[in-house]
Amino acid sequence: MIRLILLSSLLALPVAAQDLDNTPPPETAPMPEPRPDPEDRLDDVLPENTAPLSESPLSESLPDPGDSEEVEAEEPPRPLGMYLQLMEDDATFAACTAQLASLGTVFTVEDAAVTADDADCGIARPVIVSEIVPGVHLRPAATVRCETAAALGQWVAQHVVPAAEVLSTRNRLTAMALGGSYTCRRRNNLPTGKLSEHAFGNAIDIMSFQFEEGDPIPVEPRMDDHTIEEAFQRAARATSCLYFTTVLGPGANAAHADHLHMDVAQRNGGYRLCQ
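Residues numbered from 1 in each chain as written. Predicted model: local features only at pLDDT ≥ 70, side-chain atom pairs only at ≥ 80, totals over all residues. Heavy atoms only, no water.

Quick look at the overall build of the protein chain
A tally of regular secondary structure across the protein chain gives seven helices and eleven strands. Expressed as a percentage of its 275 residues, the buried residues of the protein chain come to 34%. Of all intrachain contacts in the protein chain linking residues separated by at least 6 positions in sequence, the fraction that spans at least 24 positions is 59%. (Helix = DSSP H or I, 4+ residues; strand = E, 2+ residues; numbered from the N terminus. Buried < 20%, exposed > 50% of the residue type's maximum accessible area, 1.4 Å probe, protein only. Contact = heavy atoms within 4.5 Å.)

Encoded structure:
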């Protein structure tokens, strides 16, 4: 059996060799067809009425990156103006206006007061006050932040009106003449330097107190003149420091010799300036 298998294997070898010898040589592989031009392919894909990409109106409208006169650099975002940083949220503003209503203040809420020349100046939610408490008018009406109006109303109601009742020759307080409320300016009206609190609606200036009878009482230096007018001015000035964080008047400096400047500027540690 083993011999027969070996013999069959030997007889098959020439056949295999003959098959190999008769195998025709392989044909040369075909060359790859040339790739179509990109623009030819684009024409096959785009409709007939569509312009090639290089000729599209959009590509013509794009600025040349190398043309510095046509490409404008984007300006970095500006920080919020100071007046926007002081803007009250809805709940705080609602509570403040409710306090004004309880004082009997006559006021209106207006659109934001801004000044084009200075992005920091302005009042985001101003109130215009014509009558600070019943019977006591502001002349002219004051444009301020609500917090400033509330401080003024409390001071007038709690201290100025009662002090005026002592002035028997003048009867009751009817008005206060103002030197200024909101205005975009520097401190002490100088051309440079830090902005005044008036620029944010935080401040108000009182020039004089007016009464139902008799002459007004102007704010002026009254160092030891021993009069009832001095007593009234001293009382009004001292008590205003309970409601305002800054009070400057006669004797503080020459710029405040004829009025009381009062503001609600916030300082570190609750510091107050009363001069």
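There is more to say after this.
Digging into the side chain of Ser240
Secondary-structure assignment places Ser240 in helix α7 (residues 228-240). Residue class for Ser240 comes out buried when judged on its relative accessible area of 0%. Those residues within four positions of Ser240 in sequence are excluded, and the remaining contacts are Trp155, Val247 and Met262.

Quick notes on the pairing of strand β5 (residues 136-144)
Taken together, the five bridges between strand β4 (residues 127-133) and β5 define a ladder with antiparallel strand orientation. Of the residues in β5, the one forming a bridge with Ile128 is Thr143. Pairing between β5 and strand β6 (residues 173-180): three bridges, direction parallel. Among the inter-strand pairings, His137 is bridged to a residue of β6, identified as Ala175. Where the polypeptide runs from β5 across helix α6 (residues 146-165) and back to β6, its parallel neighbour, the crossover connection is left-handed. (Pairing = 2+ DSSP bridges. Right-handed = clockwise from strand over helix to strand, strands pointing away.)

Notes on α7
Between its first and last C-alpha atoms α7 spans 18 Å; for 13 residues at 1.5 Å apiece the expected length is 18 Å, and the two agree. Along α7, the residues that are buried comprise Glu230, Phe232, Gln233, Ala236, Arg237, Thr239 and Ser240. Looking at the packing, one finds that the buried side of α7 touches α6, β7 (203-211), β8 (217-218), β9 (246-248) and β10 (260-263). (Expected span 1.5 Å × (residues − 1).)

A look at the packing of aromatic side chains
Within the structure shown, the criterion is met by three aromatic pairs. Judged by centre distance (6.5 Å) and plane angle (65°), the rings of Trp155 and Phe209 are edge-to-face. Of this pair, Trp155 sits in helix α6 while Phe209 sits in strand β7, and the two are 54 residues apart along the sequence. One exposure class covers both Trp155 and Phe209, and it is buried. Every member of this aromatic cluster is reached through a ring pair, and the members are Trp155, Phe209, Phe211 and Phe232. (Phe/Tyr/Trp six-rings, centres within 6.5 Å; stacked < 30°, edge-to-face > 60°.)

Points about the state of the cysteines
Under the counting rule described, the total for this entry stands at three disulfides. In this model Cys121 forms its disulfide with Cys184; the gap between the sulfur atoms is 2.0 Å. Given an S-S torsion of about 65°, the disulfide between Cys121 and Cys184 has right-handed geometry. Taken together, the residues span a long stretch of sequence, with Cys121 in the loop between β2 (113-114) and β3 (122-123) and Cys184 in the loop between β6 and β7 at a distance of 63 residues. For Cys121, a relative accessible area of 1% puts it in the buried group. (Disulfide = S-S within 2.5 Å.)

Digging into the confidence of the model for the protein chain
The predicted model of the protein chain averages 79 in pLDDT, with 71% of residues at 70 or higher. Long-range and interchain partners of residues 1-26, a stretch whose pLDDT sits below 50, account for zero contacts in this model, where long-range means more than four residues apart. Note on residues 34-73: pLDDT under 50 across the span, and eleven contacts to partners over four residues away in sequence or across chains. (pLDDT = per-residue confidence, 0-100.)

What about the side chain of Thr97?
Counting through the fold element by element, Thr97 comes out in helix α5 (residues 90-103). Those residues in contact with Thr97 that sit more than four places away from it in its chain are Phe107, Val109 and Cys146.

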